[in-house]
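Spelled out from the first residue to the last, the chains are:
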Amino acid sequence: MSIFFPQKSTHSQSRIFDGLLLAVCLLIVVGVNLLNAKYNAVINRALVFLLIMLTLKCIENSLIRNVLAAILLIPVAADLSLQLYALNNFNSEFSYGFALSILNTTPGEAGAMLGLYWRECLLFAVVSLLFIYTANTGPWPVSYRLRRVPCIVLCLTIIGFFAQAYLHQIRKSNVESLVQRVVQATPFSTAKVFMQAIEDNSVIADIGKNIPDYHITLSETGIDNYVLIIGESERTANMGIYGYTRNTTPELIKQKPQLLLFRNAVAAAPVTIMAVPLAMTADTVTKRDPHKYRDNIINIANKAGYDTHWYSRQGKGGAHNNVIAGIAMNAHQHEWIDQGYDEALLPRLNDALKKPGKKLIVLHLYGSHEPACQRFPSDQNVLTGGSKADDCYDNSVRYTDTLMGKIFRTLENSRSSVMYFSDHALVRDPGRAVVYSHGGVNPPKEALSIPMFIWYGSRVDSKFKVTGDYGTAWSADDVNVLAELWLGIHRQGESVKTVQSWLADYHKNVSVLDTTGKNYDWRNIR
């Protein structure tokens, strides 16, 4: 028996209402896609959406119709919501960096973010219900004899898209898959970047399985305990040690004589999932190659004989499925801690310090990640009098500073050193619903200007210390290179340098990536 329904009785009022409802749905799809897409893409997506709706309306069996409506229309509503989320909050199209972040978000972080972006969630629910309701209302849209035509035309249209994509690949050897190009022409267009992100994540397995055959030598550094701290979403513009008027970094200011403070450090990208792999591996902004992820700080430290540790507050759920976790899981000891605040890392640090020998301990903080109000305990809410957004963010920065103070006191009387950098900064815009947010396409300098410093304990011989202010524009893309020298690791075939000599010779045109993967010269960013 055909699933397409037999002829129904029709009424002019019902037809008018149904036509208006369908027109509203179509206008929503067209309107949202016009905000970012080219006109030909908008036409293609609107055509596919219209054919999907007409096909659904021509199905008699309500169960089949509603199952297909859920499968086809809810993703369209999600696509529209994601596009508006990126546009409203980041003034950009939904891109690769956003997809990576969503795929690697932990359940706890997702819950917090959904609370922040409740408007987009509400929009998604309303649009989904509207689309499904429209597919179930009104008389059949074509005559009974032509009831299969919408489905046939839809199939032919998709086949045509595949043929066009195939011809494009033949002519230009495009690296995108056929499916990605076809999806981009449909109302499920954001699925394209998710597909690319999933494909890239398959590279992760390569990190642990194909470790480079390092040929290295070691030099004395006067240090036994190396603590590498990766901060999160911290802005130099909100740090007292960088000139901010609020007292957000009293501990760092007290330790200023023992710091090498980078005054012009630049994040490699405005989101964690891009910035941290670029910092911790041999992959670079100007010559992207995911296969270089295997050449990273943990792997080379292992080769050098260090006892390696990685403790993270970034969460466990998504952590096992991204590049950062791929790097971390090669550490001899690794753990993701999803309870409490960043201070929950201190017991792991203390346990690691009890072990003999040289060791590298990486602490990955939650720092000032939005929503900042949730990044510190209530007793650390010491800065008040400003807006809620500013008070929350500044207190999160101060809480990180308090944590630094505790770490410094733990390490003070040992041969220890701390290297700290924030993965990226944030944009502050009081006119937006989320005042402090990530940069996106063509990010401004404030989204990329990050704190970076090296601290030395009192028992490190002065001849190995490098302190003071470092004013050269410096890219966090080179954290891995600097960290190797900090660890006293030198690759055979390369000149042997110290931290001091390498920084003295450091002069390069700093480049950054945005969430689309586009490269920008730091000097041209405002």
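Cut-off values and rules
- Counting restarts for each chain, with residues numbered from 1 along the sequence as it is written.
- The predicted nature of this model means local features are confined to residues of pLDDT at least 70 and side-chain atom pairs, given and counted, to a pLDDT of 80 or more, with totals for whole chains, interfaces and linings taken over all residues.
- Computation of side-chain values covers all heavy atoms of the structure but excludes hydrogens and water.
- In this description a helix means any DSSP run of H or I spanning at least four residues, a strand means any run of E spanning at least two, and both kinds are numbered starting from the N terminus.
- Exposed residues in this analysis have more than 50% of their type's maximum accessible area, buried residues have under 20%, and partly exposed residues fall in between, with area computed by a 1.4 Å probe over protein chains only.
- Two residues form a contact once any of their heavy atoms are found within 4.5 Å.
- Polar contacts, as used here, are pairs of N or O atoms within 3.5 Å; protein pairs need one atom able to donate a hydrogen and one able to accept it. Residues neighboring in sequence count only if both atoms are side-chain atoms.
- Definitions used throughout: a 1 Å grid over protein atoms alone; a cavity as a set of points that fits a 1.4 Å probe which cannot get out; a pocket as an open set with protein on both sides within 12 Å along at least five of seven lines; a lining residue as one with an atom within 4 Å of a point.
- Grid points are joined across faces, edges and corners, and a volume is the space filled by probe spheres set on the points.
- Asp, Glu, Lys and Arg are counted as charged, while Ala, Val, Leu, Ile, Met, Phe, Trp, Tyr, Cys and Pro are counted as nonpolar; the rest, among them Gly, fall into the polar class.
- Each Phe, Tyr or Trp ring, with Trp reduced to its six-membered ring, pairs with another whose centre is within 6.5 Å; inter-plane angles below 30 degrees give stacked pairs, above 60 give edge-to-face pairs, and intermediate values give tilted ones.
- Look at NZ for Lys and CZ for Arg. If either is within 6 Å of the ring centre and within 35 degrees of the ring normal, a charge sits over the ring.

1. Comments concerning the environment of D478
Checked against the element boundaries, D478 lands in the loop between β12 (474-475) and α17 (479-486). Its relative accessible area of 11% is what places D478 among the buried residues. Residues D478 and V418, spaced 60 residues apart in sequence, show a C-alpha to C-alpha distance of 17 Å. Discounting residues that sit within four places of it in the chain, D478 has contacts with W502, Y506 and K508. Here the side chain of D478 touches K508 through a polar contact of 2.8 Å, side chain to side chain.

2. Topic: empty space enclosed by the protein
One pass over the structure, following the stated rule, counts two cavities of 30 Å³ or more. Of the pockets and cavities examined, the second largest cavity occupies roughly 40 Å³. Forming the walls of the second largest cavity are E234, M239, L252, T400, D401, M404, Y420 and F453. Within the lining of the second largest cavity, the residues separate by chemical class into five nonpolar, one polar and two charged.

3. Quick word on the packing of aromatic side chains
Scanning the entire structure with this criterion turns up 18 aromatic pairs. Ring plane angle 20 degrees and centroid distance 4.8 Å describe the contact between F408 and W455, whose orientation is recorded as stacked. You can see F408 sitting in helix α16 (residues 388-411) and its partner W455 sitting in strand β10 (residues 449-456), a full 47 residues away along the chain. Assigned by exposure class, F408 and W455 land together as buried. Each residue in the set Y85, F90, F94, F98, Y117 and F194 is aromatic and connected to the rest through ring pairs, giving one cluster. It is R375 that lies over the ring of Y366; its NZ or CZ is 4.1 Å from the centre. Over the face of the ring belonging to W522 we find K445, whose NZ or CZ atom lies 4.9 Å from the ring centre.

4. Things to note about unusual backbone geometry
Cis geometry marks the peptide bond from E370 to P371, where omega comes out at -5 degrees. Look at N91: it is not a glycine, yet its phi comes out positive at around 55 degrees. With a relative accessible area of 64%, N91 lands in the exposed category. In the Ramachandran plot, N442 falls in the positive-phi region, its phi being about 45 degrees despite a non-glycine side chain. One can find N442 in the loop between β9 (436-437) and β10. Exposure remark for N442: the relative accessible area of 48% places this residue in the partly exposed category.

5. Here we look at the layout of surface pockets
As a volume, the second largest pocket reaches approximately 920 Å³. Taken together, 41 residues line the second largest pocket, and the ones lying closest to its centre are Y85, S101, I102, T105 and M113. When contributions to the lining of the second largest pocket are tallied by element, the ones reaching two or more residues are α3 (62-90), α4 (96-103), α5 (107-116), α6 (118-135), α12 (272-280), β4 (307-312) and α14 (323-328). It is α3 that provides the largest number of residues to the lining of the second largest pocket, a total of five residues. By residue class, the composition of the lining of the second largest pocket is 22 nonpolar, 15 polar and four charged.

These figures come from the coordinates and say nothing about function on their own.
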